[in-house]
Amino acid sequence: MEFYQSILLGFQASLQPINLLFCFIGVFIGTLVGVLPGLGPTGTMAILLPITFYAPPLSSIIMLAGIYYGSQYGGSTTSILVNIPGEPSSIVTCLDGHQMARQGRAGPALGISAFGSFIAGTIGVFGLMMLAQPLVRFALRFGPPEYFSLMIMGLIILIYLTQKSLIKAISMGALGLILSFVGMDIISGKIRYTYDIDELLDGIGIVPVVMGFFGIAEIFENLEFKGIRTLYQTHIKGLLPTLKDWADSIWAIIRGTVIGFFLGLLPGGGAPIASFVSYAIEKRISKHPERFGTGVIEGVASPESANNAASSGAFVPLLTLGIPSNVVMAMLFAGLLIHNITPGPLLLKNHPDIFWGVITSMYIGNVMLLVLNLPLIGLWVQITKVPFRLMFPIIILICIVGVYTLKNSVFDIWIMIIFGVIGYVMKKCQYEPAPLVLAYVLGPMLEKSMRQSLIISNGSFKIFFVRPISAICLGIAAFLLITAITGISKKKRLEVVKELQE
Amino acid sequence: MKTGMVVFFMCFVIFFGLNAMAAETAYPTRPIEMIIGFAPGAGTDMGARMVAEQSKQFLGVDVVCVNKPGGAGRVAMTLMSKAKPDGYSLGATTSSCIVASPHLESVPYKLEDFTYINQYGTLNFGVSVIQGSPFKTFKDVIEFARKNPDKLTVGIVGVNTTDHIALQALALSENLKIRFVPFDGAAPTMTALLGGHVMVVSTASSGYAPHVKGGTVRLLVTYGEERMEQSPEVPTIKEMGYPSLVIQSWYATYGPKNMETSIVKKLEDAFGKAMMTPEFKKVADHFEIYTKKPLFGQELTKALSNHYKNNGELYRKVGLIK
Amino acid sequence: MKRLNQATSLSLIGLSILIITSSLKIGVGNLQAPGPGFLGFLASILLLVLSFVIFIQDSKRGVGEKASFGWENLSKPSIIIVALCSYALIFDTLGFLLSSFILMTIMLLISSPKKWYYHIFVAFIIVNVSYLVLCKLLRVVFPVGIFRIQW
C-alpha cells in the first residue's frame, strides 16, 4: 500500500504544469543534443545548471534528468542515417542501423530504436523503483578486481563484433588499447606517449577519434566515386517497423533492457559498455550471427534498448547512495546539493517527493520522447533523399562543431581530421573500426582496475579468482574465447580443405 | 564646400576621439572568458561558475565559463600562461597546480607566469571510513598500520595530490608501510570505500561531505588548521600530533602575467562582491569550500609563493624530489 | 592495393616498435607490480606480431582487385583533406563564421556543377543557421577571430 501511495505522491508532483514544462524542455534539448554528434549532455547541463539555481528543485532535476535520457534517444538518429554516432553509446547502432538505412529501411530502424528505447526506458524506471535498494548493494560489490574481469570479458566480446579478418580485428583492438593509454597515468602520475604535446595530457579523446574514424572516413570513401546522387540508392521502404520486425526484435529489446540496466548500475559502467555487450550477446545467441553487420533489426533494437536501460540504471547509485556513476550524474548531484538536498540513503526519508517525483517524471519523459521522436522519423527519412553533394558538407560541419564544443579546442579538430584520414586508409585495407573503438573505451578501466587490484592484493593475481563475481566474469570470458576459437578453427579447416581441393 | 569638408573632418576626429576614450575608460567592454581546468560538476567548476554568474552584475558583462579539463588542471594552466593579459582571458584552478605540481613534474609554466586575482574557496581534506569500520579514531588507523605493515589500504584521489603527499610524509616519519590505491575522482574513491574494497580513504570535502551528511561514512580527521564548522567533533591532524601535515589548498582565479593593475583591481572587487552574495554562499556551504577570509591579489600571490617554498621543503624531506 | 596494404601493416609495425620503446622508457615493471608502460608494452607486442603476420599474408597474396587510384577518384577526398587542414589552421584566427563559410563554399564547389554564386549563398545560409542553433540556442562559445565577426 505504501508503495502505491509513494507512486501517487510522485505523480502528483511530476504532473504539475511547471514540472511537465521543465520535463519537456529537458527531453527536447536532450534529443537535440543527442542528435548532434559530439555535443554531449554534460556540456549542455553545465551551461544550464545556473538556471536551476532560480527554479524549484524538483523541476530542475526533472529537466536535467530529461536532458540525459533524452540524449540517449537522439544519439541513434545520426548513427543510423549517416554512420556517425551522436553519442558514444550509439556507436554500435551504426553497425546495423546504417546498413538498414542503405537498404532503404531507415524508417524501421529509427522506429524500432525509438520504441526499443521507450520500452527499455520504462522498464528501467520500473526497475529503478522496485529494485533500487537491493541492486545498489550488488553494485557496490564491484571493486577493482571485478571491473578488471568485466573488461576482459568485454575485450573478448570484441571478437564477436567482427565480420572480416579476425587478425585484423584483434590488431585494431590492440591499437585501440594503445591509443587509450596516451596521457597522464592515474596510478603513477607519469605522462605517457604524449611526446610533449600538452593537449594530449588528458588522452586523445574518444569523440574526435570516433567522429573521424566513422564519420569523416566514411565521407571520404563516398566521395571517391562519381555519380552518387543521394545517400542511398534504394527506395524508402516504409516508415515504421513491420510486424516481422517487431517479432524479430522483441526479445532483443528485452535482453538489451536487462543487460543495460545492470551494466548501467555499475558506477563507471554505463551506456557505451552496455550497448556493446548487448549487441555482442545478441549476435552470439542469434540463429544467424553472420547476418549481423549487414542490417538486421535486432542489431539496432538491442543496443538502443541497452543504452536507455543503462541511463535509468545509472540513477540508482545516485538516488540511493549519493554516488554519481558518471559525469552526468555528478552534475545532477551538484544540482541537488544547490537546493539543499543531499542525495544518498536519507533522500528517500527526507525528501520522498523529490525521489518519487523524479522517478515518475522519467515515465512522463519517456512518453514525451516517444511522441517527439516518432513523427520526426518522417523528417529524418526525408533527409536521406537529400543529394549527397549537399549533405556531406553539412555533415562535416556538424562533426567539426560537435568535436569543438567538447573542450573548445582546435586540437580536437585536428585529431578528428587525422583519424579521418587513418580511418579512410584502414577501410580501404579491410580493417574494421569497431574493435578499435571498443578497445579504446575499455582500455583505461582495464588498466586502472588491474593496477588498483594488484596494489590491493599486494601483487597477487589470486585476487581475480578468489572473489566470486570476478571469477564468474573471467569464466564467461574464457568460455567465449574457447567457443570463438573452436568456431574459427572449424572455418579454417574448411578453408584449408577447399584450397587443397582446388 | 570647404566648410562642409571642415565639418566632416571634425566629426571624423570627434568620432575617433570618443571611441578612443571609450576604449580606455570602460573595462570590460565585452564578455570575459573564464577557463576552468576541471570537468563540469567538480568543486573547482561549481565554485568558479558561481563566482562568474554572480559577478556579472558587478562587472556589467557576461563572464563565460569554459571547461578545458586535462592533467588535473595542468592543460588549462599551460594554455593560460600563453594567453593575452588583456583581462578577457581568465582562469580558475586549484592551488596545487601552482604550488605542488611544478615541483614534481616538468610543467611549462611557473608561479610567476600568472597574476592572481582572488581565492574563492578552500579545499578541505579529510580521512574517512565506512560507518561500520573497526577504526574509531585516526590513532586506530595508525596503530593498525604499525602492527600490520603493508596491509592498510588507503584510497586516494590521484597520485601525489596534496593529501597523498601528507600521508606519505606521515608514513615516513612513523615508519609505516601503507598501500595507497589511487582513483581518478572523489566519487570512485568513495564508492570503493562503501563497497569495502579499501579500508580508509583520504579525499577533499566534495568527496566525503555528502556521505557524512547521509550517515554512511565517518570522518576521522581533517587536515586544516582548525576544526571544520560543519563537523566540530572531528579533530584536526594538528591536534593528533602532526602539525607539519596541515594542508592548505585553495580554489583561485587568475590571469596571465602582466595584467594591468586597474583591471585586476576591478576584478578583485567584482569577484569579492560575488562571493558575498547569498547564492554563492549556499553553493560554497554545500561543497564545504567556504572561506571566511579569502585572500586577494598581492596577499594571495605572497601566500602562494610561501606555499611553493614550503612544499619544496616537504617534498625533499619525504624523498619525493632530490 | 597490395602496396597500400603492405604500407599499412608496415606503419603498424613501425608504430608498435615506437610504443614499445616508449613503454620501456617509462617503466614496464613486472607482473606483480606493473608499471605505467606494462599494458602498453603487451598491446604493442601483440600489434607487432599481428601486423607482421598480416604483412606476410598480404605479400603472398597476388594483386587483388584493381584499386581505383586515379586522380579522378582521389581528387575530391584529397581536396577536402587539404581544406580541412587549412580550416583547422585558420579557425582561431579568422573565427568560426568566416572560416566555416570558406570551408563550406569549397566543399560545395568541388562536388557540384552549379554556378559559384549559388554555392556562396547556400554556404552562407548553412553557416548562419548552425551559428544560430549552436551559439544562441545551446550557448556554445566560438572564437571570433581577429575581425571579431559575430552576431
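A quick note: this is a predicted structure, and the numbers were derived from the prediction, not measured.

Cut-offs used in this document
Residues numbered from 1 in each chain as written. Chains lettered and ligands numbered in written order. Predicted model: local features only at pLDDT ≥ 70, side-chain atom pairs only at ≥ 80, totals over all residues. Helix = DSSP H or I, 4+ residues; strand = E, 2+ residues; numbered from the N terminus. Buried ≥ 20, exposed ≤ 12 C-beta atoms within 10 Å, placed from the backbone. Contact = placed C-beta atoms within 7 Å. Domains from an automatic or database assignment. Core = buried A, V, L, I, M, F, W, Y, C linked by C-beta atoms within 7 Å. Axes fitted to C-alpha atoms, helices over the stretch in contact; angles between N-to-C directions. Parallel < 35°, antiparallel > 145°, perpendicular 65-115°, else oblique. Nonpolar A, V, L, I, M, F, W, Y, C, P; charged D, E, K, R; others polar. Pairing = 2+ DSSP bridges. Expected span 1.5 Å × (residues − 1).

**Some words on the overall build of chain B**
No. 1: Tallying secondary structure elements over chain B gives 12 helices and 10 strands in all.
No. 2: Here chain B holds 322 residues, and the buried ones make up 50% of them.
No. 3: Taking as baseline every contact in chain B between residues at least 6 positions apart, the subset at least 24 positions apart corresponds to 78%.

**Some details on the overall build of chain C**
No. 1: Secondary structure assignment for chain C yields 4 helices and 0 strands.
No. 2: Beginning at the N terminus, the succession of helices and strands in chain C can be written as α-α-α-α.
No. 3: Across chain C, every contact between residues at least 6 apart in sequence was considered, and the portion connecting residues at least 24 apart equals 59%.

**Quick look at the domain arrangement of chain C**
No. 1: You can read the domains of chain C as domain 1 (2–60) and domain 2 (74–137).
No. 2: Relative placement of domain 1 of chain C and domain 2 of chain C: their C-alpha centres are 39 Å apart.

**A short note on the nonpolar core**
No. 1: One finds L332 and C399 of chain A together with M34 and V200 of chain B to be the most contacted residues of the largest nonpolar core, which totals 289 residues.
No. 2: Per-element accounting of this core gives the leading share, 16 residues, to helix α6 (residues 106–140) of chain A.

**Details of unusual backbone geometry**
All names here are of chain B.
No. 1: The phi dihedral of N175 falls on the positive side, at around 60°, and the residue is not glycine.
No. 2: Mapped onto the secondary structure, N175 falls in the loop between α7 (162–174) and β7 (179–183).
No. 3: Residue N175 is classed as exposed on the basis of its 9 C-beta neighbours within 10 Å.
No. 4: Positive phi, close to 65°, is recorded for N258, a residue that is not glycine.
No. 5: Among the secondary structure elements, N258 is positioned in the loop between β10 (249–256) and α10 (261–276).
No. 6: According to the C-beta neighbour criterion, N258 is exposed, with 10 such atoms within 10 Å.

**Thoughts on the environment of Q16 of chain A**
No. 1: If you trace the backbone, Q16 of chain A turns up in the loop between α1 (2–14) and α2 (17–35).
No. 2: Here the alpha-carbon distance between Q16 of chain A and S59 of chain A, two residues 43 residues apart in the chain, equals 9.7 Å.

**Things to note about the packing of α6 of chain A against helix α16 (residues 352–383) of chain A**
Residue and element names in this part refer to chain A.
No. 1: Look at α6 against α16: their axes get within 9 Å of each other, and the N-to-C directions meet at 180°. Judged by the angle between their axes, α6 and α16 are roughly antiparallel. Of the residues in α16, those in contact with A106, G107, L110, G111, A114, F118, G121, T122, V125, L128 and M129 of α6 are I359, M362, Y363, N366, L369, L370, N373, L374, I377, W380 and V381.
No. 2: Broken down by class, the residue content of the contact of α6 with α16 amounts to 16 nonpolar, 6 polar and no charged.

**Overview of the interface of chain C and chain A**
No. 1: Contact with chain C, which involves 47 residues of that partner, is made by 44 residues of chain A.
No. 2: Counting residues per element, the ones that place at least two in the side of chain C that touches chain A are α1 (2–26), α2 (38–60), α3 (71–111) and α4 (116–137) of chain C.
No. 3: A breakdown of the residues in the side of chain C that touches chain A according to their chemical character gives 30 nonpolar, 14 polar and 3 charged.

**Things to note about the domain arrangement of chain B**
Residue and element names in this part refer to chain B.
No. 1: According to the domain assignment, chain B consists of domain 1 (32–123 + 249–318) and domain 2 (125–222).
No. 2: For domain 1 versus domain 2, the separation of C-alpha centres amounts to 27 Å.
No. 3: The partner domain 2 presents 13 residues to the 14 residues of domain 1 that form the contact.
No. 4: Element by element, the count of residues in the side of domain 1 that touches domain 2 is highest for helix α12 (residues 297–318), at 4 residues.
No. 5: Split into classes, the residues belonging to the side of domain 1 that touches domain 2 amount to 9 nonpolar, 3 polar and 2 charged.

**Points about the sheet that holds β7 of chain B**
Residue and element names in this part refer to chain B.
No. 1: Across the sheet, which stays open at both edges, the 5 strands sit in the order β7-β6-β8-β5-β9 with mixed pairing between neighbours. Looking at the sheet topology across the chains shown, the edges are occupied by β7 and β9 (217–222). Between one strand axis and the next, the sheet turns by 30° as a mean value, whatever way the strands run.
No. 2: Strands in contact with α7 are β5 (125–130), β6 (153–157), β7 and β8 (200–204); relative to β6, the strand with the most contacts, it is inclined by about 150°.

**Observations regarding the environment of V246 of chain B**
Residues and elements named next belong to chain B.
No. 1: The topology assignment puts V246 in the loop between β9 and β10.
No. 2: Judged by the 15 C-beta atoms lying within 10 Å of it, V246 is partly exposed.
No. 3: Between the alpha carbons of V246 and G43 there is a distance of 20 Å; along the sequence they are 203 residues apart.
No. 4: Once residues within four sequence positions are removed from consideration, V246 is found in contact with Y223, G224, E225, I237 and K238.

**Side note on the pairing of β6 of chain B**
Residue and element names in this part refer to chain B.
No. 1: Summarising burial for β6: 5 of the 5 residues are buried, a large majority.
No. 2: Where burial is concerned, the two faces of β6 agree: the one with T153, G155 and V157 and the one with V154 and I156 are both buried.
No. 3: In the sheet, β6 pairs with β7 via 5 bridges, with the strands oriented parallel. Bridge pairing in β7 links V157 to F183.

**Brief notes about α1 of chain C**
No. 1: The end-to-end C-alpha distance of α1 of chain C, which contains 25 residues, comes to 36 Å, matching closely the 36 Å that a straight helix rising 1.5 Å per residue would cover.
No. 2: Residues of α1 of chain C that are buried make contact with α8 (166–180) and α18 (410–428) of chain A together with α2 of chain C.

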